[in-house]
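Chain and residue survey
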Amino acid sequence: MVLLPKTLQAQAGLNNSLMGQSVAAARDAQMQSQDYTFKYGDFRTLITPSFAAQWNDNVRLTKTDMWDDYIMDPSVRIASSYPLTQRNILSLDVSVGYRRYLNHAELSTFDLNSSTGTGLSFDIGIKDFTFNFHDWFKYTQDASQNATVANSGNYGTFQNTAGLSSTWDLNQVTLTAGYDHQNVISTSGQYNNLNHSAEMFFLRSGLQVHPQVNVGLETTASYTRYSQTGTRNAANGLNDNDAYTVGPYVTFTPGSALQITARGGYSIYQFQQSSLAMQTSDQNSWYAGLTVTHDLFDSVSYALDAGHETTLGTQTDLTEDWYFRPNITWKFIRDLTFNTGFSYQHGKQGQGGSMLAGSPLNNYLGEKYDWYGMTFQAAHPLTSRLNLALNYRLTIRSSDRQNNNYTQNMVGLELSYHH
């Protein structure tokens, strides 16, 4: 699987609700699929093991004194579903793996993730209402997937998001509301400043003004509290905050092959001076996003994600950035699939200033950076059940802080078995 790098999500409450939409679509696709490894009545389980061997020329993301390494990455994906009734469905989708660094064993780590983000989910349908109870979890350690991090090989987090949502379908009008509780824990003591919990709420209303056009309004509220604030040990501690967003969206679907979604709005961040290391202040901004998915031909499909966002930071309270992420899948050669992707992000980290002399955050406050990513994959089925893929990823980070520049190349082979 080729994954373009992504930073921490903007406006956590808003993007958490959008993730719920994509997860629901993935569950529908999973239910429609007839593939399974084990089946008992209506209960189905699909088990997909894989093994990847990679070479990485800069595992610590440094400008100089770069470490290269060979990485072995066995994993298995388990996707299960049990429809109690047509509208009451219990599902699980999770991938578990272990990345073993041959030369630098201290960087070896487990991975817990899902290709769809589904985790554990339970849908209940009652008349015009659909309720969803879920628990999404993710444990990963890969600093090159975060644009705000440099000079580190052990950045990572464990995230657990549990909550519920409810959708009231009134034919041309749809109302959706939800709540999530999220815990984030760093996989390394170096980043304990990221440990926090958050309460997230969202409300969305949609109106079908045309068979191909939906418009609506969405608003969110998020309350984030860091566990390391208020302690002298938190040399780069972050500040507690309340965040709110509100804005319209429109979705245009002229056919099954093309969908365009545009959204924008206003965001408010209210920071409390809970950190002993970092001065802070409230900040208001705006967000905008454009998402396009298009199956242009049977052999060519593409996706595009672009916009402007503000995000809670990893080194500072807040990061503001522009992003552009196109991706194209090509199938013009029989039994050979190509996937090419690109990402670009221009951002600025930090507000306020350091309250502690020599604090590590001084290297990031006010930093301006550019972050480039390029991916390539060529996949070929060796048999009806065995697939081989060649993967390449290039990541480049440039910064007005010279020590925060780096270039990373990663190339690998992946063998996956599909029952």
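These lines cover the structure that appears in this document, whether it is placed above or below. (Residues numbered from 1 in each chain as written. Predicted model: local features only at pLDDT ≥ 70, side-chain atom pairs only at ≥ 80, totals over all residues. Heavy atoms only, no water.)

1. Section: the overall build of the chain
Within the chain one finds one helix and 20 strands. Buried positions account for 45% of the 419 residues belonging to the chain. Accessible surface for the chain amounts to roughly 19,800 Å². Of this, 59% is attributable to carbon and sulfur atoms. (Helix = DSSP H or I, 4+ residues; strand = E, 2+ residues; numbered from the N terminus. Buried < 20%, exposed > 50% of the residue type's maximum accessible area, 1.4 Å probe, protein only. Areas by Shrake-Rupley, 256 points an atom, 1.4 Å probe, with all protein chains shown as cover.)

2. Quick word on a nonpolar patch on the surface
Where nonpolar side chains cluster on the molecular surface, the patch consists of Ile126, Phe129, Trp168, Leu170, Val173, Leu175, Leu207 and Val209 and spans about 620 Å² of accessible area. Only β8 (156–170), β9 (173–186) and β10 (196–210) provide two or more residues apiece to the nonpolar patch. In this fold, Ile126 is placed in strand β6 (residues 119–126). (Patch = residues over 30% accessible without salt bridge, like charges linked within 9 Å, V, L, I, M, F, W, Y side chains within 5 Å. Salt bridge = Lys/Arg side-chain N within 4 Å of Asp/Glu carboxyl O.)

3. Here we look at the packing of aromatic side chains
As enumerated under the stated definition, the model contains 16 aromatic pairs in all. Geometrically, the ring pair formed by Tyr139 and Phe158 is tilted, given 6.3 Å between the ring centres and 45° between the ring planes. Of this pair, Tyr139 sits in strand β7 (residues 129–141) while Phe158 sits in strand β8; the two residues are 19 residues apart in sequence, bridging distant segments of the chain. Between Trp330 and Phe332 the ring centres are 6.2 Å apart and the planes differ by 80°, which places this aromatic pair in the edge-to-face class. Relative accessible area serves as the criterion here: at 30%, Trp330 is assigned to the partly exposed category. What links up through ring pairs into an aromatic cluster is the set Tyr179, Phe201, Tyr223 and Tyr244. The aromatic ring of Trp67 is capped on one face by Arg60, whose charged end is 3.8 Å from the ring centroid. (Phe/Tyr/Trp six-rings, centres within 6.5 Å; stacked < 30°, edge-to-face > 60°. Lys NZ or Arg CZ within 6 Å of the ring centre and 35° of its normal.)

4. Thoughts on empty space enclosed by the protein
Counted by the stated rule, this structure contains one cavity of 30 Å³ or more. In this structure, the largest cavity encloses a volume near 110 Å³. Lining the largest cavity are 15 residues, and of these Asn56, Val59, Tyr101, Asp142 and Gln408 lie nearest its centre. Elements supplying a minimum of two residues to the lining of the largest cavity: β4 (89–101) and β20 (406–417). Along the lines of polarity and charge, the residues of the lining of the largest cavity split into six nonpolar, six polar and three charged. (1 Å grid on protein atoms, 1.4 Å probe; cavity = no way out; pocket = protein on both sides within 12 Å on 5 of 7 lines; lining within 4 Å. Points joined across faces, edges and corners; volume = space filled by probe spheres on them. Nonpolar A, V, L, I, M, F, W, Y, C, P; charged D, E, K, R; others polar.)

5. Points about the environment of Gln212
If you trace the backbone, Gln212 turns up in the loop between β10 and β11 (213–226). Exposure remark for Gln212: the relative accessible area of 29% places this residue in the partly exposed category. Sequence separation of Gln212 and Phe252 is 40 residues, and the distance between their C-alpha atoms is 5.7 Å. Those residues within four positions of Gln212 in sequence are excluded, and the remaining contacts are Thr251, Phe252, Thr253 and Pro254. (Contact = heavy atoms within 4.5 Å.)

6. Digging into the environment of Ala162
With respect to the element layout, Ala162 can be found in strand β8. Looking at Ala162, the relative accessible area reads 29%, which means it is partly exposed. Here Ala162 is in contact with His134, Asp135, Tyr179, Asp180 and His181, once residues within four sequence places are set aside.

7. Quick word on the pattern of salt bridges
On inspection of all chains with the given rule, the structure shows 10 salt bridges. Note that Arg60 and Asp65 form a salt bridge whose closest N and O atoms lie 3.1 Å from each other. With a relative accessible area of 21%, Arg60 lands in the partly exposed category. Across the pair Asp142 and Arg393 runs a salt bridge, and its minimum N-O distance is 3.7 Å. Of this pair, Asp142 sits in the loop between β7 and β8 while Arg393 sits in strand β19 (residues 386–399), placing them 251 residues apart in sequence. Relative accessible area serves as the criterion here: at 9%, Arg393 is assigned to the buried category.

8. Looking at the nonpolar core
One finds Tyr155, Tyr269 and Leu312 to be the most contacted residues of the largest nonpolar core, which totals 20 residues. Of all the elements in the fold, those that place two or more residues in this core are β13 (258–271) and β18 (368–381). (Core = buried A, V, L, I, M, F, W, Y, C linked by side-chain atoms within 4.5 Å.)

9. Digging into the environment of Leu296
Considering the arrangement of structural elements, one finds Leu296 in the loop between β14 (283–294) and β15 (300–312). With a relative accessible area of 39%, Leu296 lands in the partly exposed category. In this structure, the C-alpha to C-alpha distance between Leu296 and Leu258, residues 38 residues apart in sequence, is 8.0 Å. Every residue in contact with Leu296, bar those within four places of it in the chain, is listed here: Ser301 and Tyr302.

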